[in-house]
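# Geometric and topological summary
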Amino acid sequence: RASRCCRDRDRHVRRKAASRSCRSREVRHPFRVTRRPQYRPDSGLRSKAARFGCARQRCGYRTSVDEFDEETYLEVIDINLHSVMRFSMAARQLLKAAHGSIVNFASMLSYLADPIVPGYGAGKTGVIGLTRHLAHAFGPVGIRVNAVAPGYHKTNMTEPLWSEPADAERIASRTALKRWGTVDDLVGICLFLASPAAEYITGADIVVDGGYVSGTT
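Summary of the structure given here. (Residues numbered from 1 in each chain as written. Predicted model: local features only at pLDDT ≥ 70, side-chain atom pairs only at ≥ 80, totals over all residues. Heavy atoms only, no water.)

### Notes on helix α3 (residues 70–96)
Convention followed: Strands are runs of DSSP state E lasting at least two residues, helices are runs of H or I lasting at least four, and both sets are numbered from the N terminus onward. Here a helix's expected span is defined as the number of its residues, less one, multiplied by 1.5 Å. Two axes enter the definition of the bend at a residue: one is fitted to the seven residues ending there, the other to the seven starting there, and the bend is the angle between them.
Helix length check: α3, at 27 residues, gives a terminal C-alpha distance of 37 Å against a target of 39 Å (1.5 Å per residue), a fit within 8%. Roughly 40° is the biggest bend found in α3, and it falls at D78.

The structure is reproduced here in structure tokens:
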């Protein structure tokens, strides 16, 4: 009887230990959330941050696959939002000595709704919120954090739209400038936000969309 009692107790202890281990690795309500490896800056990020005192997060990621699919939704969120946090934490120590600047990329879909890309819209909306929080978190060590929100610019991601004359005209006609943006239209604002001319600007998000968001259909 004593031996059986000890076996039952040992089994109970093992079950509790396994349960704690599982809880430390993931949460199952309602999506599975797992810990990811710590991001470490590569040599390219180190050299750019050291040389220019600025780190720029890449524009973003959209997929042609249904974003209402859980796996796809989580992948889009991870690339567009969680990667910004990992990137910023990696850049923080590199920019601290230079009192540098981080420029994140949000989107005009941070302000507008699109019924077919919930993951992209949610991720890019989150970038603006994260930018504001990081601006206050990093500000005491002299790092500014801002965001740029592009509109419709001619890139590989938007080619299915600007390559179709009807879609291209519909979008251009809503802008105040009656044209699509180019990648070059984003250069000036990024240089400004990273420059000493913007040394008192942080936590800001600036829309570069030719007036699309403020226009009407």
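### Here's the deal with the packing of aromatic side chains
Short version of the rule: Two rings belonging to Phe, Tyr or Trp (six-membered ring only in the last case) form a pair when the distance between their centres is within 6.5 Å. Interplanar angles under 30 degrees mark stacking, angles over 60 mark edge-to-face geometry, and anything in between is tilted. A 1.4 Å probe rolled over the protein chains alone gives each residue an accessible area, and that area as a share of the maximum for its type sets the label: buried under 20%, exposed over 50%, partly exposed in between. The rule for a charge over a ring is simple: NZ of Lys or CZ of Arg within 6 Å of the ring centre, and within 35 degrees of the ring normal.
In total, this model carries 2 aromatic pairs according to the counting rule given. Ring geometry for Y152 against W180: centres 5.4 Å apart, planes inclined by 55°, an arrangement best described as tilted. On the criterion of sequence distance, the pair formed by Y152 in the loop between β5 (144–150) and α5 (159–162) and W180 in the loop between α6 (165–174) and α7 (184–194) is long-range, its members being 28 residues apart. Each member of the pair, Y152 as well as W180, is classed as buried. Here the aromatic residues Y152, W180 and Y212 are joined through ring pairs into a cluster of three or more. The cationic tip of R174 hangs over the ring face of Y212; the distance from NZ or CZ to the ring centre is 4.4 Å.

### Structural notes on α6
Rules: This arc is taken over the directions from the axis of the helix to the C-beta atoms.
When we look at burial in α6, the residues that qualify are A168, I171, A172 and R174. All buried residues of α6 lie within an arc of 160° about the axis, which places them on one face of the element. Among the exposed residues of α6, those oriented more than 90 degrees off its buried face are P165, A166 and E169.

Remember that the coordinates give geometry; whether it matters functionally is a separate question.
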